[in-house]
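Chain by chain, the residues run as shown.
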Amino acid sequence: MTLLNDDYRHQGMRKHLVQTIKQGPGKVSDEAVLRAMGAVPRHMFIDDSAFLSLAYADQAFPIGCGQTISQPTTVAVQSQLLRVEPGMKVLEIGTGSGYQTAVLCELGAKVFSIERHKPLFETTKQRLVRLGYKATLMHGDGYKGAPLHGPFDRIIVTCGAPEVPEALLGQLKLGGILVIPVGPDGRQKMWSWSKIGADIFDRQEHGSFSFVPMLAHKVRG
Ligand code: SAH
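Everything in this summary refers to the structure shown in the same document. Nothing here was measured: the structure is a model prediction, and the numbers come from that model.

## Topic: the overall build of the chain
Here is step 1: Per the secondary structure count, the chain includes 6 helices and 9 strands.
Here is step 2: Relative to the 2.2 N^0.38 estimate, which gives 17 Å for 221 residues, the radius of gyration of the chain is 16 Å and therefore close to what a compact globule would have.
Here is step 3: Oriented by its inertia axes, the alpha-carbon framework of the chain measures out at about 50 × 40 × 35 Å.
Here is step 4: In the chain, which comprises 221 residues, the share counted as buried stands at 51%.
Here is step 5: If you take every contact in the chain between residues at least 6 apart in sequence, the share linking residues at least 24 apart comes to 54%.

Structure representation (structure tokens):
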């Protein structure tokens, strides 16, 4: 489908989006993050071609199953806080559209990502393969993390958690960083937790954000 090609128009819109992110409230300045976001064709993570023009607006967008692709500024802020270096093992909770997954791949990470909604997991798996992004996608409950693949250098949660899941802290390497929005539905504070000792964390808050909730326990088909 020609609409889904990555043409000069899309590339131009993407350049503009990166400028918006740089100048916006997040003040993201990490060049590697900005380069990664300039490289990922966000319009290919939005199913409905009627909304292609909105793909490069700095806003969240519905992706089915009542979920959203995160706002680009939010993706940039979380990616910057994560301080990914090439080759790092990164766990993402909440694959959704796979957009954040692709940004992490562009940063050179070895990405593992968990999605709770089976239809999203399946669509996104195919999408990432089609776009050439190699990530290990899992259908399951992010509260449990991915113990068989851990420990991780970095963990990023892309849904709003009521509290920081113990299992995720346990799967962080020493020196590792967890970036997680914590708080009630749609009103979270962004936190980074750096593991500085066996069970010792340096915690920092990074402002208010709005996420769909992290859903507990049951894994829906
Ligand atoms: N990173 C995604 C953001 C999607 S929104 C993107 O770039 O598109 C958050 C996602 O977290 C949703 O797809 C939702 O289904 C998923 N989610 C919510 N609770 C979860 C849980 N307990 N485990 C795994 N995924 C979960």
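That was the structure; now back to the text.
## Some details on the pairing of strand β4 (residues 110-115)
Here is step 1: Of all the 6 residues making up β4, 5 are buried; the element is thus mostly covered by neighbouring parts of the structure.
Here is step 2: Examined bridge by bridge, strand β3 (residues 89-93) and β4 share 5 bridges and lie parallel to one another. Bridge pairing links Glu92 to Ser113 in β4.
Here is step 3: Regarding topology, helix α4 (residues 99-106) serves as the crossover connection from β3 to the parallel β4, and that connection is right-handed.
Here is step 4: Across 4 bridges, the pairing between β4 and strand β5 (residues 136-139) is parallel. Looking across to β5, one finds that Glu115 is bridged to His139.
Here is step 5: Between β4 and its parallel partner β5, the chain crosses via helix α5 (residues 118-131), and the hand of that crossover is right-handed.

## Section: the site of the ligand
Here is step 1: Every one of the 27 residues lining the ligand counts as a neighbour, but Gly94, Ser97, Glu115, Gly142 and Leu215 are closest to it.
Here is step 2: Note that a nitrogen atom of the ligand is positioned 3.3 Å from one of the backbone N or O atoms of Arg116.
Here is step 3: For the ligand, whose accessible area on its own is 580 Å², the fraction buried by protein is 100%.
Here is step 4: Assessed atom by atom at 2 Å from the grid points, the ligand resides in the largest pocket.
Here is step 5: Among the elements of the structure, β2 (67-69), β3, α4 and β4 are those that each provide at least two residues to the shell around the ligand.
Here is step 6: Per-element tally for the shell around the ligand: the top contributor is β2, with 3 residues.
Here is step 7: Residues that form the shell around the ligand fall into these classes: 11 nonpolar, 12 polar and 4 charged.

## Looking at the pattern of salt bridges
Here is step 1: The final tally for this structure, using the stated rule, is 3 salt bridges.
Here is step 2: Note that Asp153 and Lys173 form a salt bridge whose closest N and O atoms lie 3.2 Å from each other. Of this pair, Asp153 sits in strand β6 (residues 152-157) while Lys173 sits in strand β7 (residues 172-182), placing them 20 residues apart in sequence.
Here is step 3: According to the relative accessible area criterion, Asp153 is buried, its value standing at 15%.

## With respect to unusual backbone geometry
Here is step 1: The omega angle of the peptide bond from Gly150 to Pro151 is -5°, so this bond is cis rather than trans.
Here is step 2: Within the secondary structure, Pro151 is located in the loop between β5 and β6.
Here is step 3: With phi around 55°, Cys65 is a residue other than glycine that occupies positive phi space.
Here is step 4: The exposure class assigned to Cys65 is partly exposed, which follows from its relative accessible area of 36%.
Here is step 5: Positive phi outside glycine occurs at Arg83, with the angle close to 50°.
Here is step 6: On the secondary structure map, Arg83 appears in the loop between α3 (72-82) and β3.

## A few points about the side chain of Ser97
Here is step 1: Its location among the elements puts Ser97 in the loop between β3 and α4.
Here is step 2: In contact with Ser97, other than residues within four places in its own chain, are Phe45, Ile63, Ile69, Thr124 and Arg127.

## Some points on the environment of Ile177
Here is step 1: Summarising the element assignment, Ile177 is placed in strand β7.
Here is step 2: Excluding residues that lie within four positions of it along the chain, Ile177 makes contacts with Leu81, Leu82, Arg83, Asp153, Arg154, Ile155, Leu172, Ser192, Trp193 and Ser194.

## Here's the deal with the packing of helix α2 (residues 31-39) against α4
Here is step 1: Look at α2 against α4: their axes get within 9 Å of each other, and the N-to-C directions meet at 125°. Here α4 runs oblique to α2, going by the angle between their axes. At the point where α2 passes α4, the crossing takes the right-handed sense. In contact with Ala36, Met37 and Ala39 of α2, α4 contributes Tyr99, Val103 and Glu106.

Conventions and cut-offs
- Residues numbered from 1 in each chain as written.
- Predicted model: local features only at pLDDT ≥ 70, side-chain atom pairs only at ≥ 80, totals over all residues.
- Heavy atoms only, no water.
- Helix = DSSP H or I, 4+ residues; strand = E, 2+ residues; numbered from the N terminus.
- Rg over C-alpha atoms; globule rule 2.2 N^0.38 Å.
- Buried < 20%, exposed > 50% of the residue type's maximum accessible area, 1.4 Å probe, protein only.
- Contact = heavy atoms within 4.5 Å.
- Pairing = 2+ DSSP bridges.
- Right-handed = clockwise from strand over helix to strand, strands pointing away.
- Near = heavy atom within 4 Å.
- Polar contact = N/O pair within 3.5 Å; in protein donor to acceptor, adjacent residues only side chain to side chain.
- Areas by Shrake-Rupley, 256 points an atom, 1.4 Å probe, with all protein chains shown as cover.
- 1 Å grid on protein atoms, 1.4 Å probe; cavity = no way out; pocket = protein on both sides within 12 Å on 5 of 7 lines; lining within 4 Å.
- Sits in = over half its atoms within 2 Å of the grid points.
- Nonpolar A, V, L, I, M, F, W, Y, C, P; charged D, E, K, R; others polar.
- Salt bridge = Lys/Arg side-chain N within 4 Å of Asp/Glu carboxyl O.
- Axes fitted to C-alpha atoms, helices over the stretch in contact; angles between N-to-C directions.
- Parallel < 35°, antiparallel > 145°, perpendicular 65-115°, else oblique.
- Left-handed = near helix turned anticlockwise from the far one by under 90°.

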